[in-house]
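Structural description and commentary
If you want the building blocks of each chain, they are given just below.
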Amino acid sequence: MFKRIDHIELLTASPERIINFYTGLLGFHERDRLRIPETPLGPLDLVYLKLGDGIVEVMCFPEARAIAPRGDEQRLGWQCLALEVDDMAATLASLNQQGVATAWGPVQFPDHIRAEIRDPDGNPIELRQWELHKISIGHDA
């Protein structure tokens with residue numbers, strides 16, 4: 001019935017800043033741009049960013065009032081984007097050299113290492129390195 005996650009939507013007031021972060025630092029590639037001229041909130045600009053077979057849909061209503069940035073509080077809804085990395089230490093070192101601070105971690109778990117960074121709008125991005133010799137049931141290698 002269900003096959004895979006098709007895409008994740010990311011609403012922002014500063015699309016170029018977000019696009020530069022995801023493409024320049026995280027290795028996403030821009031796939032498409034389009035504008036939907038009429039929505040209940042006015043025109044909607046969409047940019048599709050691809051990493052592997054995953055898509056982040058960057059959404060912006062350029063004529064809407066300012067969108068409040070995400071705070072650190074927990075809320076209902078999506079909590080973060082999670083990216084698998086090959087080498088946590090090297091990934092964090094590279095990101096830190098480029099001015100992206102580690103929000104927390106890395107923390108070693110029995111079958112993985114986990115850390116978190118934030119995008120320019122404050123959205124959490126989980127980084128996870130699976131330890132292949134200790135993979136838990138349900139994770140494909």
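Just above sits the structure.
Presented here is an overview of the structure given in this document. (Residues numbered from 1 in each chain as written. Predicted model: local features only at pLDDT ≥ 70, side-chain atom pairs only at ≥ 80, totals over all residues. Heavy atoms only, no water.)

1. Focus on the overall build of the chain
Summing up its helical and strand segments, the chain has 2 helices and 8 strands in all. In sequence order, the chain lays out its α and β elements as β-α-β-β-β-β-α-β-β-β. Counting the 141 residues in the chain, one finds 34% classified as buried. When contacts within the chain are restricted to residue pairs at least 6 apart in sequence, those whose partners lie at least 24 apart make up 46%. As displayed, the chain has an accessible area near 9,200 Å², and 55% of this comes from carbon and sulfur atoms. (Helix = DSSP H or I, 4+ residues; strand = E, 2+ residues; numbered from the N terminus. Buried < 20%, exposed > 50% of the residue type's maximum accessible area, 1.4 Å probe, protein only. Contact = heavy atoms within 4.5 Å. Areas by Shrake-Rupley, 256 points an atom, 1.4 Å probe, with all protein chains shown as cover.)

2. Points about the packing of aromatic side chains
Any two aromatic rings considered together are summarised by their centre-to-centre distance and by the angle between their planes. The full count for this structure, using the stated rule, is 2 aromatic pairs. Ring geometry for F21 against Y22: centres 5.4 Å apart, planes inclined by 75°, an arrangement best described as edge-to-face. Pairing Y22 with F28 gives two aromatic rings, centres 5.5 Å apart and planes at 80°, and the pair type is edge-to-face. You can call Y22 buried: its relative accessible area is 2%. Residue F28 is classed as buried on the basis of its relative accessible area, which comes to 4%. Taken together, the ring pairs connect F21, Y22 and F28 into an aromatic cluster. (Phe/Tyr/Trp six-rings, centres within 6.5 Å; stacked < 30°, edge-to-face > 60°.)

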